[in-house]
Amino acid sequence: MAVTVHAHWVFIADGDGDLFGYCDKVMRALLEQERCLDGFVDSAVSADGGRAVMEIEADVSGDDLSHAIAKAHAAVRSALHSVGIGTPDWPTHGEAMSVVLKDLRTEQLA
């Protein structure tokens, strides 16, 4: 059964660079991921200069929830690396799965 998830990341910028310039570069890198990775679509990047925050969103499909999350994390991490942003504290797949909220809107209520 294929699963599609909407993933959302929030990153706090270190303040040493041009946040909006980095966001433009990351967006281009995410679009490259969309071209190369089947099921990774509708990526978006936004910035809040006042809070020094960059947000990334994307939809990703996989064979199951675990696979979809793994593809999303790999694509975003690859995009960040391609523009020179390191991810030394990136969560493991197990850590990411432990905080994923399951969408239960499809459950029938009695």
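Here the residue index of a chain counts from 1 through its sequence in written order. The predicted origin of the model limits local features to residues at a pLDDT of at least 70 and limits the giving and counting of side-chain atom pairs to 80 or more, whereas totals for whole chains, interfaces and linings rest on all residues. Think of the side-chain values as coming from all heavy atoms in the structure, minus any hydrogens and water.

S.K.: Give a detailed account of the packing of helix α1 (residues 19-36) against helix α2 (residues 65-82), specifying residues and quantitative values.
M.R.: Here the axes come from fitting lines to C-alpha atoms, over the contacting stretch only for helices, and the angles between their N-to-C directions go from 0 to 180 degrees. Secondary structure is summarised from DSSP: a helix means a run of H or I of at least four residues, a strand means a run of E of at least two, and numbering begins at the N terminus for each. The interhelical angle for the contact between α1 and α2, taken along N-to-C directions, is 135°, at an axis separation of 9 Å. The angle between α1 and α2 places the two elements in the oblique class. Considering how the two elements wind past one another, α1 and α2 form a crossing that is right-handed. Mapping the contact onto sequence places V26, A29, L30 and Q33 in α1 and A75, V76, S78, A79, L80 and S82 in α2. Note on residue categories: nonpolar means Ala, Val, Leu, Ile, Met, Phe, Trp, Tyr, Cys or Pro, charged means Asp, Glu, Lys or Arg, and polar means any other residue, Gly included. Looking at the contact of α1 with α2 residue by residue, the classes come out as 7 nonpolar, 3 polar and no charged. Here roughly perpendicular refers to angles of 65 to 115 degrees, roughly parallel to angles under 35, roughly antiparallel to angles over 145, and oblique to all remaining angles. Handedness of each helix crossing follows the sense of rotation of the near helix against the far helix: counterclockwise by less than a right angle gives left-handed, clockwise gives right-handed. By the convention used here, residues are in contact when the closest approach between their heavy atoms is within 4.5 Å.

S.K.: Please give an account of the packing of aromatic side chains that cites residues and values.
M.R.: When two rings of Phe, Tyr or Trp (its six-membered ring) have centres within 6.5 Å they constitute a pair, described as stacked for plane angles under 30 degrees, edge-to-face for angles over 60, and tilted for the intermediate range. One pass over the structure, following the stated rule, counts 1 aromatic pair. With 6.2 Å between their ring centres and 15° between their planes, F11 and W90 make a pair best called stacked. Placement of F11 in strand β1 (residues 3-12) and of W90 in the loop between α2 and α3 (93-98) is noted, with a sequence separation of 79 residues between them. When a residue's accessible area, from a 1.4 Å probe over protein chains only, is under 20% of the maximum for its type it is buried; when over 50% it is exposed; and in between it is partly exposed. For F11, a relative accessible area of 21% translates into the label partly exposed. In this structure W90 comes out as buried when scored by relative accessible area, which is 15%.

S.K.: Describe unusual backbone geometry, listing the residues and the values that go with them.
M.R.: The backbone phi angle of D42 is positive, close to 55°, even though this residue is not glycine. Positionally, D42 belongs in strand β2 (residues 40-48). In this structure, A52 takes a positive phi of about 55° despite not being glycine. Residue position: A52 is located in the loop between β2 and β3 (53-62).

S.K.: I'd like a rundown of the layout of surface pockets, residues and numbers included.
M.R.: Unoccupied space between atoms shows up once a probe the size of one water molecule is rolled over them. By volume, the second largest pocket amounts to about 440 Å³. With a 1 Å grid spanning the protein atoms alone, the term cavity applies to any set of points in which a 1.4 Å probe fits but cannot get out, the term pocket to an open set with protein on both sides within 12 Å along at least five of seven lines, and the term lining residue to any residue with an atom within 4 Å of a point. Lining the second largest pocket are 21 residues, and of these F11, I12, A13, D14 and I85 lie nearest its centre. Mapped onto the lining of the second largest pocket, the elements with two or more residues apiece are β1 and α1. Grid points are joined across faces, edges and corners, and a volume is the space filled by probe spheres set on the points.

S.K.: Outline the pattern of salt bridges, listing residues and values.
M.R.: We count a salt bridge whenever a side-chain nitrogen from Lys or Arg sits within 4 Å of a carboxyl oxygen from Asp or Glu. Tallied over the entire structure, the rule returns 3 salt bridges. E32 is the salt-bridge partner of R35, the closest N and O atoms lying 2.9 Å from each other. Pair noted here: R35 and E32 are both in helix α1, with a separation of 3 residues, about one helical turn. Overall, R35 belongs to the exposed group, its relative accessible area being 60%. The exposure class of E32 is partly exposed, given its relative accessible area of 37%. Via salt bridges that share partners, D48, R51 and E55 belong to a single interconnected network.

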